[in-house]
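Chain residues, written in single-letter form:
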Amino acid sequence: MVKFISDNPNVQENLTFELGKTYCSHIFGKPEVASWSDAGNSEIAKHPCYLDFKLNTYIGTTIYVDNKPYGTINFTSEPKRNEPFSEREKYFVKLMAQFVANEISSQKAREEKEKLIEQLKETNEQLEEFTFIASHDLKTPIRGIHHYAQFLQEDFKSELPDEAKVMIEGIKKLSSRMDNLVNEVLSYSKAQKADLELKTFNLGDAIKTVKNDIEGQPDIAIEISVSKMPNLKADISGIREALFNFVTNSYKYNDSDHKTINFKFDQESKKLLISDNGIGIAKADRSKVFSFFKRVHGKNEYGGGTGAGLAIVKKILERHNISIEIDSDLGKGTTFILDLNEVLIP
């Protein structure tokens, strides 16, 4: 295939020639530069390219992409040259070949990257759809198992032996735990795929809403303090869910008699600092707390749970381009540091 700039009416773009009928056959696959300044009076005078097009001058070399011959770059013309091509001119053609090779390699890499991104996107969408459907389909039988166990426990309480009562109680606990797992999968799936409804709101108002929700739950007792907060443009329901998880997490992993959590906005760094007086997180465990369904503690310690809470939080924040860091030591509480620069209203 010929790609060119030429005023020769006999050579048109996108023409196809056999390699053997072009001067490129002398150089393709070879590292050196080939050149002729007067083809009619040289060893290629009977070459089809000269006989058909009377191209007297030629200089060209091979383009290598991924260490394999890809094509050639060459310059040709009908007029003869008065002198042979210089080493400097040959070096220039070599540089041009390297430049073209780099551009082709970059283009191929971009195309391959775009292809992989598209494949990954399609795979993720299929996985999310499967997760959502499978989770919904699981909820009905899980709840059915729980209800049947409860019916047995209530309707046949006097007839059941003690061992059966213990087993039924175990079925109820396991089915409840499974139901919670399914709910967490659905929440995580929602955090990944739900459309973000971006609205302007004050972060302090969102925290106060969460505070009111927490205070309405008699089994959670934690003091929540809030400093002056900025205005954000974000998905308010997602941000509230993340804040709620931070508070419940701080309450859950806290051995103090008086549990506290403080929300403070640092004006200089534009970061939100969420600090509690809980049990803290060991340095080795900091990355684990954001992993889906991974608990740092035993499944029955600190109230049990699925270990998905902070994984959901991180996914919500990632979708807002909010980065999160942890500053913590065991026994000294934890501070989560959120960079709000991407969602701040100036």
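That block above? That's the structure.
Remember, predicted model here, so these are calculated numbers, not experimental data.

Participant: Please give an account of the pairing of strand β2 (residues 57-65) that cites residues and values.
Facilitator: The buried fraction of β2 is high, at eight of nine residues. Pairing of strand β1 (residues 34-36) with β2 involves three bridges; the strand directions are antiparallel. Within β2, the residue paired with alanine 34 across the bridge is glycine 60. As paired strands, β2 and strand β3 (residues 68-77) are joined by nine bridges and run antiparallel to one another. Its bridge partner lying in β3, isoleucine 63 is registered against glycine 71.

Participant: Tell me what's going on with the sheet that holds β1, and back it up with residues and numbers.
Facilitator: Strand order in the open sheet made by the three strands is β1-β2-β3, with antiparallel pairing throughout. Each edge of the sheet is formed by a strand with only one pairing partner; in this case those strands are β1 and β3. Going across the sheet, the axis of each strand differs from the next one's by a mean of 15 degrees, ignoring polarity.

Participant: Please set out the packing of aromatic side chains residue by residue, giving values where relevant.
Facilitator: Under the criterion given, the structure shown has five aromatic pairs. Where tryptophan 36 meets tyrosine 58, the ring centres are 5.7 Å apart and the plane angle is 45 degrees; that geometry is what we call tilted. Taken together, the residues tryptophan 36 in strand β1 and tyrosine 58 in strand β2 connect sequence positions 22 residues apart. Residue tryptophan 36 shares its accessibility class with tyrosine 58, and that shared class is buried. On the numbers, 6.3 Å between centres and 90 degrees between planes, the contact of tyrosine 148 with phenylalanine 151 is edge-to-face. With tyrosine 148 and phenylalanine 151 both in helix α2 (residues 87-155) and three residues apart, the pair spans about one turn of that helix. An aromatic cluster of at least three residues, connected via ring pairs, comprises Tyr23, Trp36 and Tyr58. The positively charged end of arginine 81 is found above the aromatic ring belonging to phenylalanine 85, 4.0 Å away from the centroid.

Participant: Tell me about the sheet that holds strand β10 (residues 334-339), and please be specific about residues and values.
Facilitator: An order of β5-β7-β8-β10-β9 is seen for the five strands of this open sheet, with the pairing classed as mixed. Only two strands of the sheet have a single partner each, and these edge strands are β5 (223-226) and β9 (324-328). Adjacent strand axes in the sheet meet at a mean angle of 15 degrees, parallel and antiparallel pairs treated alike. In this sheet, strand β8 (residues 271-276) lies alongside strand β7 (residues 260-266) in antiparallel orientation, the contact comprising six bridges. Note that in β8 the partner of isoleucine 261 across the bridge is aspartate 276.

Participant: Residues and numbers for the packing of helix α4 (residues 203-215) against helix α5 (residues 236-252), please.
Facilitator: Relative to each other, α4 and α5 sit at 50 degrees, their axes nearing to 9 Å. It follows from the interaxial angle that α4 and α5 lie oblique. The way α4 lies across α5 gives a crossing that is right-handed. Side by side, α4 and α5 meet where Leu203, Ala206, Ile207, Thr209, Val210, Asp213 and Ile214 of the first sit next to Ile239, Arg240, Leu243, Phe244, Val247 and Thr248 of the second. Its residues placed into classes, the contact of α4 with α5 shows nine nonpolar, two polar and two charged.

Participant: Provide a residue-level description of the nonpolar core, including the pertinent values.
Facilitator: In this structure, Leu203, Phe246, Phe263, Phe336, Leu338 and Leu340 are the most contacted members of the largest nonpolar core, which totals 39 residues. If you list the elements that add at least two residues to this core, you get α4, β6 (231-235), α5, β7, β8, α6 (309-319), β9 and β10. Apart from residues no more than four positions distant in its own chain, leucine 340 is found in contact with Leu203, Leu232, Phe265, Lys270, Leu272 and Ile322. Listed in part, the twelve residues of the second largest apolar core include Ala34, Ala39, Ile44 and Tyr50.

Participant: I'd love a proper account of the pattern of salt bridges, names of residues and values included.
Facilitator: Where charged atoms from two side chains of opposite charge approach closely, those side chains can pair. Considering all chains together, one arrives at five salt bridges under this definition. Aspartate 66 serves as the salt-bridge partner of lysine 108, at 3.6 Å between the closest nitrogen and oxygen. With lysine 108 in helix α2 and aspartate 66 in the loop between β2 and β3, the pair connects residues that are 42 residues apart, well separated along the chain. Taking relative accessible area as the criterion, lysine 108 reaches 39% and is therefore assigned partly exposed.

Participant: Before we move on, can you summarise α4 with the specific residues and values?
Facilitator: With 13 residues, α4 extends 18 Å from end C-alpha to end C-alpha; this agrees with the ideal 18 Å at 1.5 Å per step. Along α4, the positions that sit buried rather than exposed are Leu203, Gly204, Ala206, Ile207, Val210 and Ile214. Axial view of α4: buried residues confined to an arc of 160 degrees, hence all on one face. For α4, the exposed residues lying more than 90 degrees away from the buried face are Asn212 and Glu215.

Procedures and definitions
Residues numbered from 1 in each chain as written. Predicted model: local features only at pLDDT ≥ 70, side-chain atom pairs only at ≥ 80, totals over all residues. Heavy atoms only, no water. Buried < 20%, exposed > 50% of the residue type's maximum accessible area, 1.4 Å probe, protein only. Helix = DSSP H or I, 4+ residues; strand = E, 2+ residues; numbered from the N terminus. Pairing = 2+ DSSP bridges. Axes fitted to C-alpha atoms, helices over the stretch in contact; angles between N-to-C directions. Phe/Tyr/Trp six-rings, centres within 6.5 Å; stacked < 30°, edge-to-face > 60°. Lys NZ or Arg CZ within 6 Å of the ring centre and 35° of its normal. Parallel < 35°, antiparallel > 145°, perpendicular 65-115°, else oblique. Left-handed = near helix turned anticlockwise from the far one by under 90°. Contact = heavy atoms within 4.5 Å. Nonpolar A, V, L, I, M, F, W, Y, C, P; charged D, E, K, R; others polar. Core = buried A, V, L, I, M, F, W, Y, C linked by side-chain atoms within 4.5 Å. Salt bridge = Lys/Arg side-chain N within 4 Å of Asp/Glu carboxyl O. Expected span 1.5 Å × (residues − 1). Arc of directions from axis to C-beta.

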